[in-house]
Each structure stands twice: as C-alpha cells, then as structure tokens.
Amino acid sequence: MNQEQQKKLVLVDGSSYLFRAFYARTGTDLSSPTGFPTQAIYIVINMLRKLIKDEAPDRIAVVFDASGKTFRDELYPEYKANREAMPDDLRKQIEPLHEIIRAMGLPLLCVDGVEADDVIGTLAREASAGGYEVLISTSDKDMAQLVNDKVTLVDTMNNRTLDEDGVVDKFQVRADQIVDYLALMGDSSDNIPGVPKVGPKTAAKWIAEYGSLDGVIEHADEISGKVGENLRASLDFLPLSYELATIKLDCDTGFDVEALEAQPADVDALANYYREFGFNRWYEEVAPGDAAPAKPDADYACLLSEADFEDWLGRLDKAASFAIDTETTSIDYMRAELVGISLCVETGEACYIPLAHRYEGVPAQLDKAMVLARLKPILEDPGKAKIGQNLKYDAHIFLGESIRLRGIAHDTMLESYVLNSTASRHNMDALAKFYLDYDTIHYEDIAGRGAKQKTFDQIELEVASDYAAEDADITLRLHEKLSAELAADERLLAVYSDIEMPLLDVLLDVERHGVLIDEKMLKRQGREIDKQRGEIEQKIYAEAGQVFNIGSPKQIQEILFDKLALPVLRKTPGGQPSTAEDVLEELAAEYEIPRLILEYRSLTKLLSTYIDKLPQEINPATGRVHTNYQQAVASTGRLSSTSPNLQNIPVRTAEGRRIREAFVAPEDHKILALDYSQIELRIMAHLSGDDSLREAFARGLDVHRATAAEVFGAELDAVTPDQRRAAKAINFGLIYGMSAFGLGRQLGIPRGEAQQYVDTYFDRYPGVKRYMEETKDRAREQGYVETVYGRRLYLPDIKASNVNVRQYAERTAINAPMQGTAADIIKRAMIRVQHWIADEAPDCRMIMQVHDELVFEVADGEVDACRDAIATRMTGAADLAVDLVVDAGVGANWNEAH
C-alpha cells in the first residue's frame, strides 16, 4: 500500500493530557462564569481541536483510564500506591470533558481492568497490522515502546514527534528496548521499583552494552561499585518491574478500528457546554446566529479627493473632541513611517486618509505634506480633545512629522487599565471583545503572519480603509463606555485623570530623548565577560568529568542527578528533577558545579540580553537608545520597559553593575540618580498604623538594623552585617506574605528557627500582622485591594478552591497595595518633576525611570540645584504618616551615580 493510499488512525491519550492540562501553569485559575473549574477541560479540548485540524485523521479515538483497579494492581498491590488523591477540582472536570468529547462526535473509550496505555497499544497494533499509519498523541514516555515503522508519537502540547530515530535520540535505546530501560529505572510516579541510583544514562549504557534487561541480569556480577551492588540487590523484582512497565497489546477493547470514525458533532449540546463554561469563541463558532454580535451601523470613508478631505476638516473644526489613530510601517516609534491617519467624530462615522501606501496599482493618494500641514493646527490645538488607543505611540509618530499632539484627553487603553488591570489585555481587539462584545478586524487577517506578513503600506486601500477606520470608530465607542464606568467611581477617576493621563506626556518626552550608551565600552566588557565565561565553562567540564551543553536543562539534569547523584530537591510537573534557578541556588550552598552553572547562566544572560543587544538598539539618527515605557502591563500599576528593557539590568553582581557604566552623560553633563529609600516599608508603616514601625522611621533608625536587634536579641550597635541582611530578608519577605518555610529556605535555617523569627517579628510589629489579616479578609469580601490613591487590583483567584492558587492571591493582596502605592507615588513625582523641568530647568532632562529611581542628565553647573529641587518634589509627591526619603548620587555614568 503506497503512502497516498494509507489511512491514518489518531489515538489520543486523554488521561495523560488531562493531568498535564490541570497542572499546567496558565497564570490564572481558569473557571466558568459561575466559578466551576475549567482549565483541564479547556486545554484538552483545545488540544483536540488543533490535533484534528492538523492531522485530518481517517479514524480517531480518545482514550481515558477507567475507574477501578487494573490487572497491574493484582500483580503488585503497591502499584501507584504513593499517588495522592485526585484533587476535587480535577475530578469535577472529568465527566463534563467526556461529554464534550462525545458531543464533538469523537469516539471515547474507557475499558475496565486495563489502563488507557493498554487500550491504545492494542488498537495501535491492530491498526498498523491492518495497514493504517498510527499517530499516538501523548506526553507519556512509556508509550515510546509502541513506536515502530508504522507508529509515531506526538506530544501536541509542544509539537514534538517521536519516530524510531527520535526514540533513539531521546532515550539512547531503541523502541523495542524501552521496557528494559523503564524496568531498570523504575517509575516513582507509578511506584514501580527500579534499581536505586540508576537513571536514564546508566540504564541506556547497560542496555547498549548487554542488549537487554535479561543481558544486564546475566552480567550483573560484572558491574562494579555501589550501583552494581544496587543492581544485584534488585534482581528479584526486576522481572516484575518489566511486567508492570509493559503495555498490554491484546486487550478486549470491544471496539473495531474501522468503527473509530468521527461522527457529526451535536451542535446544540456543544453550544450549551461552551456557553455554560464561558468558552465564548467556540460558542460563536457553533451558534453564530445567537452569539455573533451585530456589526455596528457604520459609514467608513477612504479620503482620496481634496473635496472629501476638506469636508472632514470642517467636521474636525466643529468638533470639541475626536478619536484619532495612525497606521505605520513598524511598532518601533522611532523608526516607523506614517502610512495613514484615521479619524472619528461620531460613532459610526469614521474616515481613513491614506498617505503612503506603496503597491502596484495603488490609487492616487492625497499629498502627505499638504494633509499634515492642514491637520497640524488642529492636532496641536490643546482645546481640541483627542481620544485614542495607546495615544503615546501616535504622538511619537506625529513628532516624527514635526507635529506635537496636544489636547491628549483620553486613552482607552489607560481607561481599561485603571478600571481593571487584570480583567483582560488592554489592546484594541481584546477591549472591543470584552467591553463591546465586538470582533474587530485583526491585523493578521489583512496582513498575514510570520515572515511573509505585509507592512501596512502594502495593504490594498479597500482593505486598509475598513481596518483603520474601524480602529478610530471602536476607540470612540470604547471611550464612551469606559469613561462612563470610570465616572462612577471618584477614586478610580482620579487615578486615571491625575496620574495616568498626565504621565503619558511625561513618558513621551522621556522616551523621545532617550539614553546615551557608550558602545565601545560595552564591546570591551563583552570581550572580558566572554573570556570569563569561557574559564567558568572549563571549570564546569572539569567538575562534571565531561563536556556537555550547559544551556540544556536536560543535560544539566543528567550530569547533576544521574552522574553526580546530587540530591533531587524538587521535580518538574513531568516528574523530572528540576534544574530551576532557585533549586540550583540551594544546591550551590554545598556543591561547586551548580554554583558555577549559575554563574555561567548569569554571564550568558548579561551578554545576550544587554551587552550584545544594547548596541543594536541604538538609533542611528539620534545615537541613543529609546525604550518603550508601558503603562498598561503590570497589574500593580508599575511601569514596565521594553525594546530594550532598562529596568532589569542586574545590580547584585559586579558584572551587572558594570553595564550601568555604559549609560553615560553627554559632554559637559552629569548623570543624576535619585532613589526612594525603603519606600515600600514606609508605605507599610503608613497602611498598617504600626506604632513601632512608624517610630523607627520617625527616629531615623535603620529599620533593618532595628528589626535585627529585636529578632536576634542584640543591642542596635552590636548588630552584625549578617544579622542585618537576615533582618532585611525578614522585613521584605514577611510583608509580602512569605511563610516560615520560605523564609527558612531563603536564610538557610530550619523551619522551626524561621518560625521563631516570624513570631518575634510580629510581636515587635503587631500592627503589621493585623493589617495583613485585615487586607486578606477585605480582599475576600470585595474581590480587590486598593492603593492609597484608590488604584484597584482585582484578585479573581482569592476564593479559588486550589489552595496554591488561593494562597498566591492572598500574598498578592498583601503585596499589591504597597507596590501599587509606590508606583503611584513615583508616577506623581515624575509629573511634578517634569512640570518643574519644563518651567524652570531647561538644562535638565529626565532619561529613565527604574522602579523607585529616577535618572537625569544635568548640565555640570546645575547639578546641585537640580538635585535639591528634584528631591523636594519626590519627597513631596505623597503625604504619608512617615516621611519619604530620597537618596541621590551623581557621576559621569549611571553606575557612578549610585
């Protein structure tokens, strides 16, 4: 049978995906509008939909484990005995998931007495014997034993396929040797005994040398060392381990392969399930008549004649406000070229003015210089209120055309962000769907995806006009809805009107000015760090006794835990030893190689993220780096910085601090940096009302030293540096909800000792403990917490039944008011400082905001005056129960200014 005639059977390991989906890290606890958990359902169904679309199988079955015991339990009563009980939130989702799969028309199989693996193995054998190509969709490594020239595995969650060669590449044994391999290693998740201390590498080595498990058993006396002793002690139960690991290929499934054919979906049932569980996009697919929102009545015009343009100029002249949007060739505001402008005066009436579309056959467009000259007085009129979505970007584009956009009145992105920072993303498409139940034209719909995606100047005018005009129209519709919701809450409205909108103009100026980078200095540092990294690399190989890929977590795993037998501190969701950074840090306290690997990783990140990349970000026209400060990303209100990220340059290592040396002042100028001192602890003192904490700040004490004196029972002047460092960890850890267990891990002390520190801390600062408990109670009651200024952080997971998810939300509830208030304060400071600069300090420029720090370029002769004036405005940006304190530094570069 040739390849073109060969039919395909897809067998889906539903049980494998069910557990992976439930434990997947999605960033939120997915649930229906009524609070029913839906994460496992959603991820598995989404995987099935993609699999069917990609593979178009002739036959298909989704296989789950049946409830009850199997033949393996009879062979070995301890089989899977160490597994924890299934979480209730997972159990609840099984039956609805089965029902949805059946409603999709897919054959669903559960066979008593055997596992899903056995059913899949039996069907795979029957189908391949009958001429089918078989694709098994699974994440279970045990299934590799089924692979042959007609059977392939695919892990749909990461798009990895495994054929015969792939099995050898991954496991270093053939598919027909996988059971031998599994028996030697055992499986802790299934409680299958293996040979102690034998991992994948040793098992593969033995099988390569002796051919099979039987060969290994026959030559057990030849294997030396402790591992040989372990093997000989395991000989009695290895045959049982082999039998437990073997997938049964002769089950009585009750199904014929030919009968495993997808049937027409039960559309009504699917619609009901999708609506019940809040799967809105899927619901619209199966019930478009009910679900698809009606397109708004709209009249969109493409302006190609001067007469039409004059008509719209007249409308703008009469309007008190209007929505505006630009279309460009790039998301990089410094390099983007203006392609067109869209405008909307009243909802439903919008226009697009194409200015620079370039494709064969493009109609004649209005002269760009003429259009901009006529629009400039309107765009620069502060009395004309402009409304936009991410207007800072459009303002940059107009600055590139020598137009300063004034009268920036409303930004729908910021309106949404202030209303609820976590309800949805804050881009146009997401906001239209969330607030208007309207599906916009997506950019990918008209421009394509990936490497072949068109830039906007290549889009045909007929298509471009509807897309661009819709943006302006929907922006105005969004503003009408969002502004009404904001107006209903005075505190939220004040956050929007007094903080976020004024800050937009400040950030515009900061970004436009940019930061001066010494490219030659970075290149020198790069050479030195690359040399240092090479030396560490050789030390790692020496410790490991072999060369390996230090960038591969799998190979690090093999070296640390299989070859060197370091203790396994934590496992991944897939059951493998974790090589996460915090795990390596804990191991590094006792072992040299994890310490070296961490150092190697740190240097590699410095090179790739900053030293190599920053020079590429220098704009050739200005010679400076221009970052993008994003106002609507961090849920707490903090700014984030991208392209490049200037807020995460490491400061704890000497190499990281040296990168800051490349951030330099121009000739005859200095870098001035001012940083709030312990602002979040001061905010905690304000919010908690704790008398002891407030008194410590009022007396000007070093709060960490004062805490150390209390916790360690020492006099203030006798506190050691190590005690102060520990107290600092306690101060910051506990106010963010860190447990005694977490504190113990951070300080490297027993949990009992850490608990004593916690108890002593709260005895010293009882107001802090009271505030934390009250904050959690308030969050549970109202679903959100607030900053001093009224910014809200909603906590949808505060009542989650999953204890880990709920506890994270509780820690966030304690943390967010402090982080959010600190964010509000520095934003208020930026606005005050920028107004002062505009009015009184032309030789001072704000160039960066980094967490609680503001950085400036200042003319040499103005440093002292600017430092004092800026510090005054920063300390005066809030009226708290304790004073704000600002530390200031000056230097030729950013590092010197610290």
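Residues numbered from 1 in each chain as written. Predicted model: local features only at pLDDT ≥ 70, side-chain atom pairs only at ≥ 80, totals over all residues. Heavy atoms only, no water.

K.L.:
I would appreciate a short explanation of the overall build of the chain in the present structure.
P.N.:
Scanning the chain for helices and strands turns up 36 helices and 22 strands. The C-alpha radius of gyration of the chain comes to 32 Å, within 12% of the 29 Å expected for a compact globule of 898 residues. By its C-alpha atoms, the chain is 90 × 80 × 55 Å across when sized along the principal axes. Counting the 898 residues in the chain, one finds 50% classified as buried. (Helix = DSSP H or I, 4+ residues; strand = E, 2+ residues; numbered from the N terminus. Rg over C-alpha atoms; globule rule 2.2 N^0.38 Å. Buried < 20%, exposed > 50% of the residue type's maximum accessible area, 1.4 Å probe, protein only.)

K.L.:
For this particular structure, what's the right way to read the sheet that holds strand E5 (residues 151-155)?
P.N.:
The pairing of strands in a sheet happens through backbone hydrogen bonds and is either parallel or antiparallel. The mixed open sheet is built from 6 strands, whose spatial order is E3-E2-E1-E4-E5-E6. Lying at the two open borders of the sheet, with one neighbouring strand each, are strand E3 (108-109) and strand E6 (160-162). As paired elements, E5 and E6 share 3 bridges and run antiparallel to each other. Across the sheet, the residue bridging to Asp-155 is Arg-160, located in E6. Set on the sheet, helix H2 (residues 39-55) makes contact with strand E1 (8-13), strand E2 (59-63), strand E4 (133-137) and E5; between it and E1 the angle comes to about 165°. (Pairing = 2+ DSSP bridges. Contact = heavy atoms within 4.5 Å. Axes fitted to C-alpha atoms, helices over the stretch in contact; angles between N-to-C directions.)

K.L.:
Can you help me understand the packing of aromatic side chains in this one?
P.N.:
The relative placement of two aromatic rings is captured by the distance of their centres and the angle of their planes. For the structure shown, the criterion picks out 20 aromatic pairs. With 5.4 Å between their ring centres and 80° between their planes, Tyr-761 and Phe-762 make a pair best called edge-to-face. You'll find Tyr-761 and Phe-762 in the same group, each marked buried. Among the aromatic residues, ring-to-ring pairing joins Phe-36, Tyr-42, Tyr-273, Tyr-274, Phe-277, Phe-279 and Trp-282 into one connected group. In this structure, Arg-660 packs its charged tip against the face of Trp-894, placed 3.9 Å from the ring centre. (Phe/Tyr/Trp six-rings, centres within 6.5 Å; stacked < 30°, edge-to-face > 60°. Lys NZ or Arg CZ within 6 Å of the ring centre and 35° of its normal.)

K.L.:
Quick question: what am I supposed to make of a negative patch on the surface here?
P.N.:
On the surface, Asp-149, Asp-163, Glu-164, Asp-165 and Asp-169 cluster together into a negatively charged patch. For Asp-149, the location among the structural elements is in the loop between E4 and E5. On the basis of relative accessible area, Asp-149 is assigned to the exposed category, the value being 64%. (Patch = residues over 30% accessible without salt bridge, like charges linked within 9 Å, V, L, I, M, F, W, Y side chains within 5 Å. Areas by Shrake-Rupley, 256 points an atom, 1.4 Å probe, with all protein chains shown as cover. Salt bridge = Lys/Arg side-chain N within 4 Å of Asp/Glu carboxyl O. Lys, Arg positive; Asp, Glu negative; His and termini not counted. Charge placed at Lys NZ, Arg CZ, Asp CG, Glu CD.)

K.L.:
Explain the pairing of strand E8 (residues 321-328) here, please?
P.N.:
Regular strands place side chains that alternate from one sheet face to the opposite one. Among the 8 residues in E8, 7 count as buried, and that is most of the element. As defined by bridge partners, E8 adjoins strand E9 (residues 338-346) across 6 bridges and the pair is classed as antiparallel. Counterpart to Ile-324 in the pairing with E9 is Leu-343.

Remember, this is a structural readout, not a statement about activity or role.
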